[in-house]
Amino acid sequence: GATTRLAATTPSLGLYGDWEPSAGGSYVLEAADGPEAAKGVVHFLGGAFVGAGSQLTYRYLLERFAQANYAVIATPFRLSFDYQSVCDAVEASYDAARAEAQERGYG
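Predicted model, so just to flag it, every value in this text is computed and none were measured.

Criteria and thresholds
Residues numbered from 1 in each chain as written. Predicted model: local features only at pLDDT ≥ 70, side-chain atom pairs only at ≥ 80, totals over all residues. Heavy atoms only, no water. Helix = DSSP H or I, 4+ residues; strand = E, 2+ residues; numbered from the N terminus. Salt bridge = Lys/Arg side-chain N within 4 Å of Asp/Glu carboxyl O. Buried < 20%, exposed > 50% of the residue type's maximum accessible area, 1.4 Å probe, protein only. Pairing = 2+ DSSP bridges. Contact = heavy atoms within 4.5 Å. Axes fitted to C-alpha atoms, helices over the stretch in contact; angles between N-to-C directions. Patch = residues over 30% accessible without salt bridge, like charges linked within 9 Å, V, L, I, M, F, W, Y side chains within 5 Å. Areas by Shrake-Rupley, 256 points an atom, 1.4 Å probe, with all protein chains shown as cover. Expected span 1.5 Å × (residues − 1). Arc of directions from axis to C-beta. Lys, Arg positive; Asp, Glu negative; His and termini not counted. Charge placed at Lys NZ, Arg CZ, Asp CG, Glu CD.

J.: Would you take a moment to explain the environment of Ala37 for this structure?
T.: Within the secondary structure, Ala37 sits in the loop between β2 (27–29) and β3 (40–45). Spatially, the C-alpha atoms of Ala37 and Asn69 are 6.6 Å apart, while their sequence positions differ by 32 residues.

J.: Which parts of the structure should I look at to understand the pattern of salt bridges?
T.: Proximity of charged atoms lets side chains of opposite charge pair with each other. All told, the structure shown has three salt bridges when counted by the stated rule. As a salt-bridge pair, Arg104 and Glu20 come within 2.8 Å of each other at their nearest N and O atoms. Of the two residues, Arg104 sits in the segment after α4 (83–103) while Glu20 sits in strand β1 (residues 20–21), which places them 84 residues apart along the sequence. Residue Arg104 is classed as partly exposed on the basis of its relative accessible area of 28%. Between Glu30 and Arg104 there is a salt bridge, with the nearest N and O atoms lying 2.9 Å from each other.

J.: Mind showing me how you'd approach the sheet that holds β3 here?
T.: Backbone hydrogen bonds hold the strands of a sheet together, and the pairing may be parallel or antiparallel. Taken together, the four strands give an open sheet; going across it, the order is β1-β2-β4-β3, and neighbouring strands pair in mixed fashion. The outermost strands of the open sheet, each flanked by one partner alone, are β1 and β3. Pairing between β2 and strand β4 (residues 70–75): three bridges, direction antiparallel. Looking at the pairing, Tyr27 lines up with Ala74 of β4. Against the sheet, helix α3 (residues 59–67) makes contact with β2, β3 and β4, and its axis sits at roughly 150° relative to β4, the strand it touches most. Relative to the sheet, α4 contacts β2, β3 and β4, its axis offset from that of β4 by approximately 150°.

J.: What is the right way to read a nonpolar patch on the surface from this model?
T.: A contiguous nonpolar patch, built from Tyr58, Leu61 and Phe65 and spanning about 240 Å² of accessible area, is present on the exposed surface. Here Leu61 shows up in helix α3. Its relative accessible area of 40% is what places Leu61 among the partly exposed residues.

J.: For this particular structure, what's the right way to read unusual backbone geometry?
T.: Most peptide bonds take the trans configuration, and most residues that are not glycine carry a negative phi. A positive phi angle, near 70°, is found at Asn69, a position not held by glycine. With respect to the helices and strands, the residue Asn69 is situated in the loop between α3 and β4.

J.: Would you mind showing me how to read α4 here?
T.: Helical geometry note: an α-helix holds 3.6 residues per turn, so side chains three or four residues apart project in the same direction. Here α4 spans 30 Å end to end across 21 residues, near enough to the 30 Å set by a 1.5 Å rise per residue. Among the residues making up α4, those that are buried are Val86, Val90, Ser93, Ala97, Arg98, Glu100 and Ala101. The arc that holds the buried residues of α4, viewed along the axis, is 160°, so those residues lie on one side. Exposed and oriented more than 90 degrees from the buried face of α4 are Gln84 and Glu103.

J.: Would you explain a negative patch on the surface in this entry?
T.: Taken together, the side chains of Asp82, Asp88, Glu91 and Asp95 make up a negatively charged region of the molecular surface. Inspection of the secondary structure puts Asp95 in helix α4.

See below:
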């Protein structure tokens, strides 16, 4: 839908600031003072109406977590009545982003 197209094209427009897309389709925002000072990792899924673009819709809130020294992983998803496939896709996307965060030094 339109939200998915917006989420897919927004990074090229520079609207995500320091958000980095991960190989799995999630977006990662580093803790303000880097991995050494990070308090933890926050994983965020958007609500039913903004699931495909949660990192954009909830940007203010999520960036406050980063400023408080939490790394943030935002996982977009598409709604479907096949809930198992949605969960599997979210899990795979998060796992890839989490692995990348661990490579950067987030425990």
